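Breakdown of the fold
Each chain, letter by letter, is given below.
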Amino acid sequence: KELSRGGRIKSADTSVHCYHFSSGKLDSSVYLAGDKSLTVDVDFTVPDIFDSSYTTSFFPNDTGAGDLSIGFDTDSTSDLRPTGILTINRTTYTLQRLHLSYPRKPGYKRFSRSFHFVQRDSLVLIDTLIESAVIERLLVDEDYRLEIILSDYTIAPTANPTSP
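Now for a look at the structure at hand. Counting restarts for each chain: residues are numbered from 1 in the order of the written sequence. For this predicted model, a pLDDT threshold of at least 70 governs which residues receive local features, and a threshold of 80 or more governs which side-chain atom pairs are given and counted, while totals over whole chains, interfaces and linings are taken from all residues. To get the side-chain values, take all heavy atoms of the structure and skip hydrogens and water.

1. Thoughts on the overall build of the protein
Selection criterion: A run of H or I in DSSP counts as a helix once it spans at least four residues, and a run of E counts as a strand once it spans at least two, with each numbered from the N terminus. A simple rule labels every residue: compare its accessible area, found with a 1.4 Å probe on the protein chains alone, to the largest value its type can have, and call it buried under 20%, exposed over 50%, or partly exposed in between. A 1.4 Å probe and the Shrake-Rupley method give the accessible areas. Residues count as covered only by the protein chains that appear here.
A count of helices and strands for the protein gives zero helices and eleven strands. Going residue by residue from the N terminus, the α and β elements of the protein occur as β-β-β-β-β-β-β-β-β-β-β. Put simply, the protein has 164 residues, and 26% of those count as buried. As displayed, the protein offers around 11400 Å² of accessible surface, 51% of which is attributable to carbon and sulfur atoms.

As structure tokens, then:
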């Protein structure tokens, strides 16, 4: 969807692709339908926020319900890493949602990404990826919102090298 400066939708376009992943990374994609000119490179990378020196915070109104929200932050005056909030299911200990804000992403006034996850068998997979940004241009900034909805997962069986 392309948004106007007031946040109204200027145009909405759709294309359908089949994405193939291997070892948790995008391996290839195949265009299936829609406007082929709308094909964009999609970054499905989920940053490991537990691997960095983030400041984390819990919320004082946490009542112990089904989901646990954790905020994470950096010194955004000099750090290019994202800040945001994640939600974990307290029963299954799986990531449900991850909202990222990149306050200092070069070339952007604003840039954010939201991941929504779903559990299939024993795997936690991306269900929806939403990217929203304002790109700095010389005269007029460009606003965009990209929504990627993943469905129809097929999980291929893995080869067992120890079986005959």
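2. Regarding the pairing of strand β6 (residues 67-73)
Condition: Any two strands with at least two DSSP bridges between them are considered paired.
Both strand β5 (residues 55-57) and β6 contribute to a ladder of three bridges, which runs antiparallel. Among the inter-strand pairings, S57 is bridged to a residue of β6, identified as G71. Pairing between β6 and strand β7 (residues 83-89): six bridges, direction antiparallel. Within the sheet, the bridge partner assigned to F72 lies in β7 and is G84.

3. Remarks on the nonpolar core
We apply this condition: Among the buried residues, those of types Ala, Val, Leu, Ile, Met, Phe, Trp, Tyr and Cys that are joined through side-chain atoms within 4.5 Å form a nonpolar core. Throughout, a residue-residue contact means that at least one pair of heavy atoms, one from each residue, lies within 4.5 Å.
The biggest cluster of nonpolar side chains holds 22 residues, and the ones touching the most others in it are F44, F72, L86, L98 and F115. Residue assignment for this core shows that the elements contributing at least two residues are β6, β7, β8 (95-101), β9 (108-120), β10 (123-135) and β11 (142-149). When neighbours within four sequence positions are excluded, F72 is seen to be in contact with I49, Y54, T55, T56, P82, T83, G84, I85, L86, L98, H99 and L100.

4. Remarks on the packing of aromatic side chains
Which entries qualify depends on this criterion: Any two rings among Phe, Tyr and Trp, with Trp reduced to its six-membered ring, count as a pair given centres within 6.5 Å; such a pair is stacked if its planes are under 30 degrees apart, edge-to-face if over 60, and tilted if neither. Here, over-ring charges are defined by two tests on the NZ atom of lysine or the CZ atom of arginine: distance to the ring centre within 6 Å, and angle to the ring normal within 35 degrees.
Applying the stated rule across the entire model yields three aromatic pairs. Centre to centre, the rings of Y102 and F111 are 5.3 Å apart; their planes meet at 75°, and the pair counts as edge-to-face. Each member of the pair, Y102 together with F111, is buried. The ring of Y102 carries K105 above its face, with NZ or CZ at 5.5 Å from the centroid.

5. Examining the pattern of salt bridges
Note the following rule: Each salt bridge in this description consists of a side-chain nitrogen of Lys or Arg and a carboxyl oxygen of Asp or Glu lying within 4 Å of one another.
Counted under the stated rule, the structure contains five salt bridges. Between D67 and R97 there is a salt bridge, with the nearest N and O atoms lying 3.3 Å from each other. Placement of the pair is D67 in strand β6 and R97 in strand β8, with a sequence separation of 30 residues. Judged by relative accessible area, which is 27%, R97 ranks as partly exposed.

6. Here's the deal with a nonpolar patch on the surface
Applicable threshold: Patch membership is restricted to residues that have no salt bridge and whose relative accessible area is over 30%. Joining uses 9 Å for like charges and 5 Å for the nonpolar side chains Val, Leu, Ile, Met, Phe, Trp and Tyr.
Where nonpolar side chains cluster on the molecular surface, the patch consists of V16, V30 and L32 and spans about 240 Å² of accessible area. With respect to the element layout, V16 can be found in strand β3 (residues 15-22). Given a relative accessible area of 38%, V16 falls into the partly exposed group.

7. Some remarks on the side chain of T87
Within the fold, T87 resides in strand β7. Taking relative accessible area as the criterion, T87 reaches 6% and is therefore assigned buried. In contact with T87, other than residues within four places in its own chain, are D67, L68, S69, T94, L95, Q96 and R97.

8. Notes on unusual backbone geometry
Positioned with a positive phi, Y93 is a non-glycine residue whose angle comes to about 60°. Here Y93 shows up in the loop between β7 and β8.

9. A short note on the environment of R110
As for its placement among the helices and strands, R110 is situated in strand β9. The sequence separation of R110 and A133 amounts to 23 residues, and the corresponding C-alpha distance is 5.3 Å. Setting aside anything within four residues of it in sequence, one finds R110 in contact with S132, A133, V134 and D143.

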